[in-house]
Amino acid sequence: MQHLDFSKDEKFLEVKDYTVSQEKFSLYYNRTYDLLLTDPMPAKEDLGRYYQSENYISHTDGKRNLFERLYQEVKKIALRKKVDLLFKQHHTVGALLDIGCGTGDFLVEAKKRGWTTTGFEPNDKASTLAFNKGISVVTNLRELPNHSFDVITLWHVLEHIPNLEEQIIELNRLLKPEGKLVIAVPNFKSYDATYYKSHWAAFDAPRHLWHFSQKSITAIFSAFQFKVDELQPMLFDSFYVSLLSEEYKTGKKNWIKAFFVGLRSNIEARSTMEYSSIIYCLSKKVS
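Residues numbered from 1 in each chain as written. Predicted model: local features only at pLDDT ≥ 70, side-chain atom pairs only at ≥ 80, totals over all residues. Heavy atoms only, no water.

Here we come to the nonpolar core. Counting 41 residues, the largest nonpolar core has Ile152, Leu154, Leu158, Leu181 and Phe221 as the members making the most contacts within it. In contact with Leu154, other than residues within four places in its own chain, are Asp98, Ile99, Ile161, Leu171, Leu181, Val182, Ile183 and Ala184. (Core = buried A, V, L, I, M, F, W, Y, C linked by side-chain atoms within 4.5 Å. Buried < 20%, exposed > 50% of the residue type's maximum accessible area, 1.4 Å probe, protein only. Contact = heavy atoms within 4.5 Å.)

Put into structure tokens, the structure is as follows:
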């Protein structure tokens, strides 16, 4: 295993935390992994305060307004598709670990369809909501035994994790030899990212510490003996991200404008796979 070199080769963009602090951050480009890094990265003990907002919807089951109600309805459709993908990767039910399980809805859907489920969620409020839905939630991955999961999922989680090397080593430990890893992350090379630039909501600094391209995931995980088997688009994300980006850029959601930007992003990505968010299905390389 090689050591990952996350050097900051050149400044790419300056962005703002529109959700919580209103602070400004720089994004630096790393040539080796075709990756952007948030700078400064908050200290681990300081990260929690950047999640302290009712607007951080993945940590709530909020339905306070039309946007949140629409988000929850679209989420129901997306959850079914995610569980369908589990069966496509593993072909039958098995042991599932969802890292960053939020309020647990994905695991609830998987459990309904026969999976044995475990969630990991560091946010107390979100993990309590998941626990109250009957989900087994752990607070320390190291407590889990080696090679105990058939599938491990990280839905928009990898970009939040301070130490990528430690996390990938832990994933390798927890996954069975024939297990599957399913990772969804935003793609800073999508059309909506290039359109909105510093207002692109999926930069979400400083909660998003890393900003990946297709090359990033392939190169980083290859260093830990994983290979990418398949890519899947997350078609709804371009519309959701464009809505938020419109609000950051203009102060209004501009539903129609956001819809057409999201639609164009999906259309352009049909030939390049440069979707707003991409699901990567990985497995361990056979020695």
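That shown, we press on.
At their nearest, the axes of helix α7 (residues 235–250) and helix α8 (residues 255–272) sit 8 Å apart, and the two run at 140° to each other. Overall, the two elements α7 and α8 adopt an arrangement that is oblique. Between α7 and α8 lies a crossing of right-handed hand. Packed against α7, whose contacting residues are Leu235, Ser238, Phe239, Ser242, Leu243 and Glu246, the element α8 presents Trp255, Lys257, Ala258, Phe259, Val261, Gly262, Leu263, Ser265 and Asn266 at the interface. Grouping the constituent residues of the contact of α7 with α8 by class yields eight nonpolar, five polar and two charged. (Axes fitted to C-alpha atoms, helices over the stretch in contact; angles between N-to-C directions. Helix = DSSP H or I, 4+ residues; strand = E, 2+ residues; numbered from the N terminus. Parallel < 35°, antiparallel > 145°, perpendicular 65-115°, else oblique. Left-handed = near helix turned anticlockwise from the far one by under 90°. Nonpolar A, V, L, I, M, F, W, Y, C, P; charged D, E, K, R; others polar.)

Glancing now at the environment of Phe149. Of note, Phe149 is situated in strand β7 (residues 149–155). You can call Phe149 buried: its relative accessible area is 5%. Along the primary structure Phe149 and Thr38 are separated by 111 residues, whereas in three dimensions their C-alpha atoms are 31 Å apart. Once you skip the residues sitting within four places of it in the chain, Phe149 turns out to touch Ala95, Leu96, Leu97, Thr118, Leu144, Leu174, Leu175 and Lys176.

Here we have seven strands laid out as an open sheet, ordered β6-β5-β4-β7-β8-β11-β10, and mixed in their pairing. Every interior strand has two partners, whereas the edge strands, β6 (137–138) and β10 (226–233), have only one. (Pairing = 2+ DSSP bridges.)

This part is about the pairing of strand β2 (residues 24–30). Of all seven residues in β2, five are buried; the element is thus mostly enclosed. Here strand β1 (residues 10–16) pairs with β2 via six bridges, running antiparallel. Each bridged residue has a counterpart across the sheet, and for Glu14 the counterpart in β2 is Ser26. Pairing geometry for β2 and strand β3 (residues 35–39), over five bridges, is antiparallel. Pairing of Tyr28 across the sheet is with Leu37, part of β3.

So, about the state of the cysteines. Enumeration according to the criterion identifies zero disulfides in this entry. The thiol of Cys281 is unpaired, and the distance to the nearest cysteine sulfur, on Cys101, comes to 20 Å. (Disulfide = S-S within 2.5 Å.)

With that settled, consider unusual backbone geometry. Omega for the peptide link from Asp39 to Pro40 comes to 0°, which places this bond in the cis form. Along the chain, the position of Pro40 falls in the loop between β3 and α1 (66–90). In this structure, the amide linkage connecting Ala205 to the following residue, Pro206, adopts the cis form with an omega of 0°. Along the chain, Pro206 falls in the loop between α5 (191–196) and β9 (210–211). Although it is not a glycine, His147 sits at a positive phi angle of roughly 50°.

A word on a nonpolar patch on the surface. The grouping of Trp255, Ile256, Phe259, Phe260, Leu263 and Ile267 at the surface amounts to a nonpolar patch, some 610 Å² of accessible area in total. Along the polypeptide, Ile267 turns up in helix α8. Overall, Ile267 belongs to the partly exposed group, its relative accessible area being 48%. (Patch = residues over 30% accessible without salt bridge, like charges linked within 9 Å, V, L, I, M, F, W, Y side chains within 5 Å. Areas by Shrake-Rupley, 256 points an atom, 1.4 Å probe, with all protein chains shown as cover. Salt bridge = Lys/Arg side-chain N within 4 Å of Asp/Glu carboxyl O.)

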